[in-house]
Amino acid sequence: MRRWLDRCFWGLTGLAALLACALLLGIVAFLLHRGLPALSWSFLVQDTVGAGSGGGILYQLLGTVILIATAFATAAPLAVALALAATVYARGKGTRRRFEVALYALNGLPSIVLGIVGLIVFGKLLGWGKSWLAGGLILGWMILPTVTIALLERIQAIPRRYFEAAAALGLPRGRIVRSVVLPQSLGGLISGSLLGLARAAGETAPILFTAAVFSGATLPSGIRDNPVLALPYHIFVLAQDTLDPEAGTRLWAAAFVLLALVLLLGLAALPARLAAHEEARHG
Amino acid sequence: MTSPSPPAVGLTPPLAPRQAPRLSLRGRRIEGLRLVCWAASGLTAATLLGLLALLAVQSLPVWRHEGVRGFLLGDVWFYRGQRFGALPMIYGTTVVAGIALLLAAPLGLGAAVFTAEGISGRARLAVKGAIELLAGVPSVVYGLLGVLVLRDLVFRALRPFDPLSGDTLLTGGVLLAVMILPTVMTFADDALRGVAASQRQAARALGLTRTETTLRVVLPQALPGLLAAVLLGLGRALGETIAVFLVVGRMDNRLPESWLDPTPVAAAGQTLTSKLGGSETFLAYGDPLHWAAITGLALVLLLGVATVTLGGVSLAARGASGSASRSSRGSAVPSSGGGPDASLA
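Parameters at a glance
Residues numbered from 1 in each chain as written. Chains lettered and ligands numbered in written order. Predicted model: local features only at pLDDT ≥ 70, side-chain atom pairs only at ≥ 80, totals over all residues. Helix = DSSP H or I, 4+ residues; strand = E, 2+ residues; numbered from the N terminus. Buried ≥ 20, exposed ≤ 12 C-beta atoms within 10 Å, placed from the backbone. Contact = placed C-beta atoms within 7 Å. pLDDT = per-residue confidence, 0-100.

*Asks:* How would you sum up the overall build of chain A? Please name residues and give values.
*Replies:* Secondary structure assignment for chain A yields eleven helices and two strands. Along chain A, helices and strands appear, N-terminal first, in the series α-α-β-β-α-α-α-α-α-α-α-α-α. With respect to the three principal axes, the spread of C-alpha positions in chain A is 70 × 70 × 35 Å. Counting the 283 residues in chain A, one finds 55% classified as buried. Within chain A, residue pairs in contact and separated by at least 24 positions form 77% of the contacts whose partners lie at least 6 positions apart.

Written out as structure tokens, the structure reads:
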């Protein structure tokens, strides 16, 4: 009876795990299956024709790259400063705790709230209209916790003897930061950024009102009223109106390209993340 | 090797605060770097507070117009008549997130038990990796799958109840369940792995089967962390916009006669997020009162999500520190612990 229960239990939980994994594979396979007819090199390097029924997704892709590059440029320096402040300069547990709470609060912000606030700040107060810079800045704030936490974890995992050796050499604190902390935690910054960018690339809600348009934009030439096309927004708009079967296939292909972009960024960050987590627990 | 005097480095802050010599020019530059770091921290704090203040100030007219009670509990949202009651949207969000939790919590917790207790080595890494990746699938992709696949399935399943379309609160809830599954799984897995291995060994040595060990020894200890996993999943479900927007139907909910009446679940509905993401936000842009109502919804959503998420984070931290003190690994490096980091995926 007990052994029978044992088997039942593992069977059930295993089934749950299998289902979860099958979902991922299913999603990838399904998108690939539906989008494959339209996927080609020219799909990636051509402009869109006729509201998604022809052509490719060149400017959507470029727009997304512009947005995530801006987000990276916003988030990375801030993340380094925050992580250093929290690990090197913070005195006492209370301060560090406040850092963590602030980071988790920022991370828990619903992306649509960021979009609305962005609309108030950049649209209403600064009068930018829709601008790539507004979108990039908002996405940057959105991924800041991801990057910072990855960096923090890595800094905290630096072996203590490195600091002891540096201190024994009589190096001042700033020099230790530059010669030990930053080089040793670079991997955390990179994997955190990749993960953050994966998230930023796929987000629609923050750029809905602030940065993205469906058509009529190419590369930005200024800040004010310089929106961009963006891959997630493109899919979002087409998903609400998919009667044309030709547009449908292209829509699936666009979704596959977005998914591939996000998964590649995530995959690049994965080994570092798994290693950090599994080691921290069982090393 | 180590001196008995206060150690310069290696304590919880890796570098002791007063270690830098302040006399040299170098020392000054160091303090410059420190200033930059604190300025960035101040900027972050100011942004967070500013964001809250901005929403509060912008939504002020609607709180005056409807009163706090009237806005939160008013059941009519009719902007042409200047009636702004948020309850239909709050109801929609609650129902959708509730359905998502009902489906994702058992599935996610079960799967986490399997990945944490049932398998190890490469198989475990493979599953963990797949789940991490699944967490990164953009919500618009889920939304698209919802529109073109799930909507028809729900429509067919609901046919006995004669639905108008497949765009229902139920569809939104099911889609959300899939989306929060990785969150629940990752946190629950972290919580279970946080229980010291010696506890399992002791239980097994007493003759308990692996199932009994898991149910009677591991699960009780991991309980705060598991609860945190569910709360963090809930936080994500409450705030998710794009996928829900595409499948929920976006008709302001008519509140049911009784809170237990399930009929609205099979009808088109509206959540806080789908309202905010919709065209009404643009419509409201020019009208101060209407705009205040929209930002009021955003504020309500923000406060709800923040409460749930921070509750989850503090529970996770408690669970992690509890199990860390139980295990005797004595690692020199204080790991940031339980897993709030994983949600950042």
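*Asks:* Describe the overall build of chain B, naming the residues involved and giving the relevant values.
*Replies:* When helices and strands are tallied, chain B shows twelve helices and two strands. A fraction of 75% describes how many contacts in chain B between residues 6 or more apart in sequence connect residues 24 or more apart.

*Asks:* Kindly report on the confidence of the model for chain B, identifying the contributing residues and their values.
*Replies:* Residues and elements named next belong to chain B. For chain B, per-residue confidence averages 81 on the pLDDT scale, and 83% of positions sit at 70 or higher. Ranking the elements of chain B by mean pLDDT puts helix α1 (residues 25–58) last, at 82, and helix α3 (residues 87–118) first, at 93. pLDDT under 50 marks residues 1–14. Its contacts with residues more than four places away, or in other chains, come to 23 contacts. Low pLDDT (under 50) marks residues 324–345, which in the prediction has 51 contacts with non-local residues, meaning those over four places away or in another chain. For this predicted complex, the interface score ipTM comes out at 0.89, alongside a pTM of 0.87.

*Asks:* Residue-level account of the environment of Ala-56 of chain B, with values.
*Replies:* Residues and elements named next belong to chain B. If you trace the backbone, Ala-56 turns up in helix α1. By the C-beta count within 10 Å, which is 14 here, Ala-56 ends up partly exposed. When the C-alpha positions of Ala-56 and Gly-296 are compared, they lie 7.5 Å apart, and in sequence the two are 240 residues distant.

*Asks:* Describe the environment of Gly-108 of chain B, with residues and values.
*Replies:* Residue and element names in this part refer to chain B. Turning to its location among the elements, Gly-108 is positioned in helix α3. Judged by C-beta crowding, with 30 C-beta atoms within 10 Å, Gly-108 ranks as buried. Distance from Gly-108 to Ala-177, taken between C-alpha atoms, is 9.5 Å for residues 69 residues apart in sequence. Non-local contacts of Gly-108, meaning those with residues more than four positions away in its chain, are made with Leu-181, Val-184, Met-185, Ala-188 and Gly-233.

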